[in-house]
Amino acid sequence: MSQQGYVATPPYSQAQPGMGGYPAGFGSTPAQPLYRHYGGPPQSFPAPPTGKATCLWSPNPPVKSSVYVFLPIGLHQVQVTRASHWNCLCVTGQFGGQMAGPGMAGPGMAGPGMAGPFQGGAAQMAGPPQKKLDPDSIPSTTQVIEDDQAKRGGQVYTTNLRGQVPPLVTTDYTVQDQGNASPRFMRCTTYSFPCTADLAKQCQVPLATIIKPFATVPKNETPMYVVNHGETGPIRCNRCKAYMCPYMQFMDGGRRYQCGFCNCVNEVPPFYFQHLDHMGKRVDFYERPELSLGSYEFAATLDYCKNNKPASPPAYIFMIDVSYANIKSGLVRLVCDELKTLLDNLPREDGAESSMVKVGFVTYNKILHFYNVKSALAQPQMMVVSDTAEMFVPLLDGFLVNFQESRAVINNLLDQIPDMFADTNESETVFAPVIQAGVEALKAAECSGKLFIFHSSIPTAEAPGKLKNRDDKKLINTEKEKTLFQPQKAVYEQLSKDCVSQGCSVDLFLFPSQYVDIATMGDVATHTGGSIFKYSNFQVERDGQHFLSDLRKDVEKAIGFDAIMRVRTSTGFRATDFFGAIHMNNTTDVEMAAVDCDKAVTVEFKHDDTLSEETGALMQCALLYTTISGQRRLRIHNLSLNCSAQLSELYKSCETDALINFFTKSAYRAMLNQPLKTVRENLVNQAAHMLACYRKNCASPSAASQLILPDAMKVFPVYLNSLLKTGPLVGSAELSTDDRAHQRLSTTAMGVEDTQLLLYPRLIPLHNMDVASDVVPTPVRCSEERLTDAGMFLLENGCSLFLWLGQACPPELIQSIFNVPSLAHVPVDLRSLPELDNPQSKKLRSIVDSLLDQRPSSMKLLIVKQKDRSEIMFRQHLVEDKGLHGGASYMDFLCYVHREIRQVLT
């Protein structure tokens, strides 16, 4: 057995209190090592056996060549070797100097009694200055991404093997479905589950799958097949209700089949009968998507519809806050002008001439105005509802209409709205009644749909759901900090339930100039499969294009409505926890008012029996939903994983990007119920246990001063450290509560590629780009050390886009990109790059356009000059460096994790 791993030596051996800006207690070991998920009872880690360290799970004992040898090399030189038998990367070297002792701040580290980001200095150190390990010798995320792209990029990934680890999310590949769902739809934290609950408990690696049921499939891959069995509907196992799939085993000449999930033997319905070939395979195997593919759809029968009535096409209702702030900023006029053209691009079925989505319009401040835009009318009609306590919709006929038929009346209305409210002085708004009105309208029309709400301020008008300002910076870093992120329940909790039961999703566009309590206002959106967009201190000139790009993407994206999802598993394990923009009424049914191509649900699994290496672990995600044209469908994704009694197999097939998605979502949920300090400690603790278990059971014996990481998880610490430095988990009074709440809620439904990019942004050097090539320049490590005074860099993380200009950036490059003679002339308030007719300008704009095209939401371009004040915002995304609001550098964090691992092992 060859086991991959990554090894590095000192200075990881030194203990460091008050690690790099974290409080002194950060990650300190509890009385007995915590071995648990958030909130679970602590379990102790079994002490390692005395005497020689051997590999407990190895079929053959370690050979002599696998022992790590310290190489006699000079001071702070580093030599990289691979230990032949174990295929472990070893970084060895000797390091002079001494780490800061207790109560003492090391160079640039905030000590226990010290404020803020890194005010330490060399003078405070005991002994000679610390010799630094070469940053290039510690695992590099960009290198891992590059290597995977070189090895697997441009290739066809066929899904015919159980438990095979897919290419990274950052790699370009083509999927050929041959019986397992594409990794675009399902990604796992590991592709080899441990056979027993004890092994799972021992290694602490979360067993989870991130499911993106509507993921966008590239044009060169086969679209989803729809299987229609007519009035009989989909074929299912009688016992566990799993749908027909490649894991069903046909027997008895094709007359019966055994379910792969529960082993029940079922009769094959006469219409579905087919003979078996000499291999026991049905002769129509390749003609039936449900027998040969991992992902496909079934047309659903009336049994799968509400009240056994056919579903209707969904409706989109645009609800515009016309209070003083939105009128004054020019937002209302901007929205109305945009809708005239945007409504031509409502989503439609492939091949359909026009969209079947109906549209409706509401404006509001303290009261609500509904509009009749029936095609027969010469002028739109307004109806006012001022009693917001008992919300109702004053008209049925003419409120939800087909845009093509009512275009003239709608355009007339959109022209009138900005002028109608131009002189308003009303600054108070309502919010909950607006959502209630949308739900009531969809209920009356007997359809599902989406509300697009454009809102400016905290709802203070007397009405249900009225909110008060509860932002209190004094709560930060106290036990009560969690209350800032807990939604104010009552009205909003009931509203979420009403929305989900009607299939009403809420997308919230916020334009605040001060605190609006996003934790509460965004709660309904987060439970209904919706999205939250935020534009602080909105100005049309500055933010208009950014907002309109977001709105266009949001209206046009592929989406399903009134969805219910269930994840079935083979015997021995089951789905126990779900994270996403979802609602759960019971423990098994995941309800989503809507689910679009960017939304993912993270599902955690637990053992309830022993798994067999022979049969593996099977899972089936079944999503029942209404299409954009009003058809009821079942979308099925199947995945088969390996099971092993060898922990080394589990570690070998781990996926770091999926793991960090799980850790992010579980930490962001835990912070609602636990102090941030506890959440952070639990994160580091679980990571230390995962890595300690690997070292103890899978790696060959070596010096305690070496840090050993599984090859598949060697960059996990950089992602974990980046997560610990994100706004929600930092606990700094300098960050706005709304921004922290917004990031927390937005991450809930992220897929693996989104959390990967958020936690490790791409830093792309532009000063030496090859203008003749179509390829985006290779990103560099996310650290200040990679920036050069004469350089130009683009940084993106899926939410923000920065163009950083070094002080000594060549004037000819500045001229070709910005059409100005020097750096001093570049306007920092530029919102888009000038369109110039030269190779550099064209290349840079094509890079920016391709990045914007790949991301779920649009990113506003910010120009940042080296040493300008605006550089602070840019620097907080250099995740390998110390955090601006507290938090260790990657190097310091590795030392810290190593100390924790050693404490677990001793």
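Residues numbered from 1 in each chain as written. Predicted model: local features only at pLDDT ≥ 70, side-chain atom pairs only at ≥ 80, totals over all residues. Heavy atoms only, no water.

The name recorded for the protein in an unreviewed UniProt entry is SEC24 homolog D, COPII coat complex component, from Hucho hucho. On record in UniProt, under Sequence similarities (unreviewed entry), the comment for the protein is "Belongs to the SEC23/SEC24 family. SEC24 subfamily." (UniProt positions renumbered as here; feature names shortened; annotations may be inferred.)

Another aspect to go through is the overall build of the protein. Counting its regular elements, the protein contains 22 helices and 33 strands. Classification of the 906 residues of the protein by burial places 58% in the buried group. In the protein, once contacts between residues fewer than 6 apart in sequence are set aside, the share between residues at least 24 apart is 72%. Taken as a whole, the protein presents about 35400 Å² of accessible surface, with 51% of it coming from carbon and sulfur. (Helix = DSSP H or I, 4+ residues; strand = E, 2+ residues; numbered from the N terminus. Buried < 20%, exposed > 50% of the residue type's maximum accessible area, 1.4 Å probe, protein only. Contact = heavy atoms within 4.5 Å. Areas by Shrake-Rupley, 256 points an atom, 1.4 Å probe, with all protein chains shown as cover.)

What follows concerns the UniProt feature "domain: Zinc finger Sec23/Sec24-type" (unreviewed entry) in the protein. Feature annotation in UniProt places "domain: Zinc finger Sec23/Sec24-type" (unreviewed entry) on residues 234-272, given in this structure's numbering. What you have in residues 234-272 is 0% helix and 23% strand, and the ends, taken at the C-alpha atoms, are 11 Å apart.

What the rule picks out here adds up to zero disulfides. Here C203 stays free of any disulfide, with the sulfur of C693 as its closest cysteine sulfur at 5.6 Å. C654 takes part in no disulfide bond, and the closest cysteine sulfur, belonging to C203, lies 7.7 Å away. In this structure C654 comes out as buried when scored by relative accessible area, which is 5%. (Disulfide = S-S within 2.5 Å.)

With that settled, the discussion passes to the pattern of salt bridges. Counted by the stated rule, this structure contains 47 salt bridges. Residue R333 is joined to D419 by a salt bridge in which the shortest nitrogen-to-oxygen separation is 2.9 Å. Of this pair, R333 sits in helix α5 (residues 331-342) while D419 sits in helix α6 (residues 403-420), placing them 86 residues apart in sequence. Among the salt bridges present, the one from K652 reaches E649, with a minimum N-O distance of 3.4 Å. (Salt bridge = Lys/Arg side-chain N within 4 Å of Asp/Glu carboxyl O.)

Moving on: the nonpolar core. With 149 residues, the main nonpolar core has F193, F370, I435, I453 and Y651 as its most contacted residues. Take this core: its biggest share by element is 11 residues, from helix α14 (residues 676-697). Ignoring sequence-local partners within four residues, the contact set of I453 consists of M319, Y364, F431, V434, I435, V506, D507, L508 and F509. If you look at the next biggest cluster of nonpolar residues, it comprises 42 residues, including V401, V409, I410 and L413. (Core = buried A, V, L, I, M, F, W, Y, C linked by side-chain atoms within 4.5 Å.)

The next subject is the packing of aromatic side chains. Per the counting criterion, the structure on display carries 36 aromatic pairs. Ring geometry for Y157 and Y173: centres 6.3 Å apart, planes at 75°, overall edge-to-face. Remark: Y173 occurs in the loop between β4 (156-158) and β5 (174-176) and Y157 occurs in strand β4; sequence separation between them is 16 residues. Owing to a relative accessible area of 9%, Y157 belongs among the buried residues under this scheme. Judged by relative accessible area, Y173 falls into the buried class, the value being 9%. (Phe/Tyr/Trp six-rings, centres within 6.5 Å; stacked < 30°, edge-to-face > 60°.)

Quick look at the sheet that holds strand β30 (residues 762-765) now. Judged by pairing direction, the sheet is mixed, and its four strands sit side by side in the order β30-β31-β32-β33 without closing on themselves. Since the sheet does not close on itself, it has two edges, and those belong to β30 and β33 (860-865), each with one partner. Adjacent strand axes in the sheet meet at a mean angle of 20°, parallel and antiparallel pairs treated alike. Judged from the six bridges that link them, strand β32 (residues 800-805) and β33 form a sheet pairing that is parallel. Opposite L805, over in β33, you have K865 as the bridge partner. (Pairing = 2+ DSSP bridges. Axes fitted to C-alpha atoms, helices over the stretch in contact; angles between N-to-C directions.)

Glancing now at the packing of α5 against α6. For the pair α5 and α6, interaxial distance at closest approach is 9 Å and the crossing angle is 165°. Considered as vectors, α5 and α6 are oriented roughly antiparallel to each other. The chirality of how α5 crosses α6 is left-handed. Touching V332, R333, C336, L339 and K340 of α5 are F403, R407, N411, L414, D415, I417, P418 and D419, all from α6. (Parallel < 35°, antiparallel > 145°, perpendicular 65-115°, else oblique. Left-handed = near helix turned anticlockwise from the far one by under 90°.)

In this section: helix α1 (residues 141-152). Over its 12 residues, α1 runs 16 Å from end to end, which matches the ideal 16 Å to within 8%, given 1.5 Å per residue. Here α1 has its buried residues at T141, T142 and D148. Summarising the axial view, the buried residues of α1 lie within an arc of 130°, below the 170-degree limit, and thus occupy one face. Exposed side of α1, more than 90 degrees from the buried face: A150 and K151 are the residues found there. Those residues of α1 that are buried are in contact with α15 (716-724). (Expected span 1.5 Å × (residues − 1). Arc of directions from axis to C-beta.)

This paragraph deals with helix α20 (residues 839-854). Between its first and last C-alpha atoms α20 spans 23 Å; for 16 residues at 1.5 Å apiece the expected length is 22 Å, and the two agree. By the burial criterion, the buried members of α20 are S841, K843, L844, R845, I847, V848 and L851. Taken together, the buried residues of α20 touch β30, β31 (792-796), β32 and α19 (811-818). Where α20 begins, one side-chain oxygen reaches toward the backbone nitrogen of Q840, 3.1 Å away; that side chain belongs to N838. (Polar contact = N/O pair within 3.5 Å; in protein donor to acceptor, adjacent residues only side chain to side chain.)

A positive phi angle, near 50°, is found at N537, a position not held by glycine. Judged by relative accessible area, N537 falls into the partly exposed class, the value being 43%. Phi at K867 takes a positive value of approximately 70°, unusual for a residue other than glycine. Of note, K867 is situated in the loop between β33 and α21 (871-875). Classification of K867 by relative accessible area gives exposed; the value is 62%.

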